[in-house]
Amino acid sequence: MSAPAAQRRARPARSVTLMPARKARQIFERLRAANPHPRSELQFGSPFQLLIAVMLSAQATDRSVNLATRELFAVAPDPQAMLQLGLTGLKRHIRTIGLYNTKARNILASCRILQERYAGQVPRERAALEELPGVGRKTANIVLNVAFGEPTIGVDTHAFRVANRTGLVRAATPRAVEEGLLRVVPPEFRRDAHHWLVLHGRYVCKARRPECAHCSIARWCEYPDKTAAEGGTARSGGVFRVAD
Ligand code: SF4
């Protein structure tokens, strides 16, 4: 995706504002009450399969990834089998997913590293994860969180939008939002915060048409362009997007 729209909204790169702690707690208490055990919507059976699914999900829907990986993981459940598939074989399985040529090359290069350095296992260290081709900070955060239970917060386009709209964290970059969230989200909510923000952004606080009239956290949300009733549309200036 080109330069994120939110980043073009002239927010100074270093400007970060955080919601008062008490209000942030109320938001997460409400999100937890509605969904006490949030889960990724990606389907996977191991840390390796999670890593591959997250790599494939950049600029693609979880549904499209699940459709492709169902068959892919049946024939290539681990790095060795993925390497045996080869580039042509792997592309055949993921060609319905955007950027599949690049993703296929990155996946195979990552599998080679996993085999050579980590005995086919996914490392639990951020630095090691981010050295894998096609794995950035967001993907590393999600793998650390979902596969290993670390209290990391991956900031994708949904989490970025919800954080900025609600006022939990107002910042211009995913990294700044992540750092802000790590400060403003009370410790007991950090493990699940990524899922709550992503699911809220995907199903309620949608990019072009946030469903403010049905939003469980509207009372604490500071978004100035809240839609008053079902069917309302956020003003164009209120659309937040960020690259995955
Ligand atoms: S009130 Fe509207 S803008 Fe605020 S979090 Fe809910 S859906 Fe999003």
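To start, this report covers the structure provided alongside it. (Residues numbered from 1 in each chain as written. Predicted model: local features only at pLDDT ≥ 70, side-chain atom pairs only at ≥ 80, totals over all residues.)

Here we look at helix 8 (residues 157-166)
For step 1, the next point in the chain: Most of helix 8 sits out of view: 10 of its 10 residues are buried.
For step 2, the next point in the chain: Among all positions of helix 8, only Thr 157, His 158, Ala 159, Phe 160, Arg 161, Val 162, Ala 163, Asn 164, Arg 165 and Thr 166 are buried.
For step 3, the next point in the chain: Packed against the buried residues of helix 8 are helix 1 (21-34), strand 2 (169-170), helix 9 (174-184) and helix 10 (187-203).
For step 4, the next point in the chain: Where helix 8 terminates, the next one or two residues include Gly 167, which has phi positive at roughly 90°. (Buried ≥ 20, exposed ≤ 12 C-beta atoms within 10 Å, placed from the backbone. Helix = DSSP H or I, 4+ residues; strand = E, 2+ residues; numbered from the N terminus. Contact = placed C-beta atoms within 7 Å.)

Some points on the site of the ligand
For step 1, the next point in the chain: Neighbouring the ligand are 13 residues, the closest being Cys 205, Pro 210, Cys 212, Cys 215 and Cys 221.
For step 2, the next point in the chain: Its residues assigned to classes, the shell around the ligand shows 9 nonpolar, 1 polar and 3 charged. (Near = placed C-beta within 6 Å. Nonpolar A, V, L, I, M, F, W, Y, C, P; charged D, E, K, R; others polar.)

As for the environment of Arg 175
For step 1, the next point in the chain: Assignment of secondary structure puts Arg 175 in helix 9.
For step 2, the next point in the chain: Expressed as a C-alpha distance, the spacing of Arg 175 and Lys 138, which sit 37 residues apart in the sequence, is 8.9 Å.

Brief notes about the nonpolar core
For step 1, the next point in the chain: Core analysis: the largest hydrophobic core is formed by 30 residues, its most contacted members being Leu 51 and Val 143.
For step 2, the next point in the chain: Every element with two or more residues in this core is listed here: helix 2 (47-56), helix 3 (62-75), helix 4 (79-94), helix 5 (100-118) and helix 7 (137-148).
For step 3, the next point in the chain: Sort the elements by how many residues they give to this core and helix 2 lands first, with 8 residues.
For step 4, the next point in the chain: When sequence neighbours within four positions are dropped, the list of residues in contact with Val 143 reads Pro 47, Leu 50, Leu 51, Val 54, Val 122 and Leu 129.
For step 5, the next point in the chain: Counting residues in hydrophobic clusters, the runner-up holds 29 residues, among them Phe 28, Val 155, Val 177 and Cys 205. (Core = buried A, V, L, I, M, F, W, Y, C linked by C-beta atoms within 7 Å.)

A short note on the environment of Leu 144
For step 1, the next point in the chain: If you trace the backbone, Leu 144 turns up in helix 7.
For step 2, the next point in the chain: With 21 C-beta atoms counted inside 10 Å, the residue Leu 144 sits in the buried group.
For step 3, the next point in the chain: It is 9.2 Å that separates the C-alpha atoms of Leu 144 and Pro 47, two residues lying 97 residues apart in sequence.
For step 4, the next point in the chain: Ignoring any residue separated from it by four or fewer positions in sequence, one finds Leu 144 in contact with Arg 126, Glu 150 and Thr 152.

Some thoughts on the environment of Leu 199
For step 1, the next point in the chain: Residue position: Leu 199 is located in helix 10.
For step 2, the next point in the chain: Setting aside chain neighbours within four positions, we find Leu 199 in contact with Asn 35 and Pro 38.

Thoughts on unusual backbone geometry
For step 1, the next point in the chain: Here the phi dihedral of Gln 59 falls at roughly 55°; this positive angle occurs in a residue that is not glycine.
For step 2, the next point in the chain: Residue position: Gln 59 is located in the loop between helix 2 and helix 3.
For step 3, the next point in the chain: Accessibility expressed as a C-beta count within 10 Å gives 13 for Gln 59, which makes it partly exposed.
For step 4, the next point in the chain: One non-glycine residue, Ala 119, lies in positive phi territory at about 55°.
For step 5, the next point in the chain: Inspection of the secondary structure puts Ala 119 in the loop between helix 5 and helix 6 (126-130).
For step 6, the next point in the chain: A count of 8 C-beta atoms within 10 Å places Ala 119 in the exposed class.

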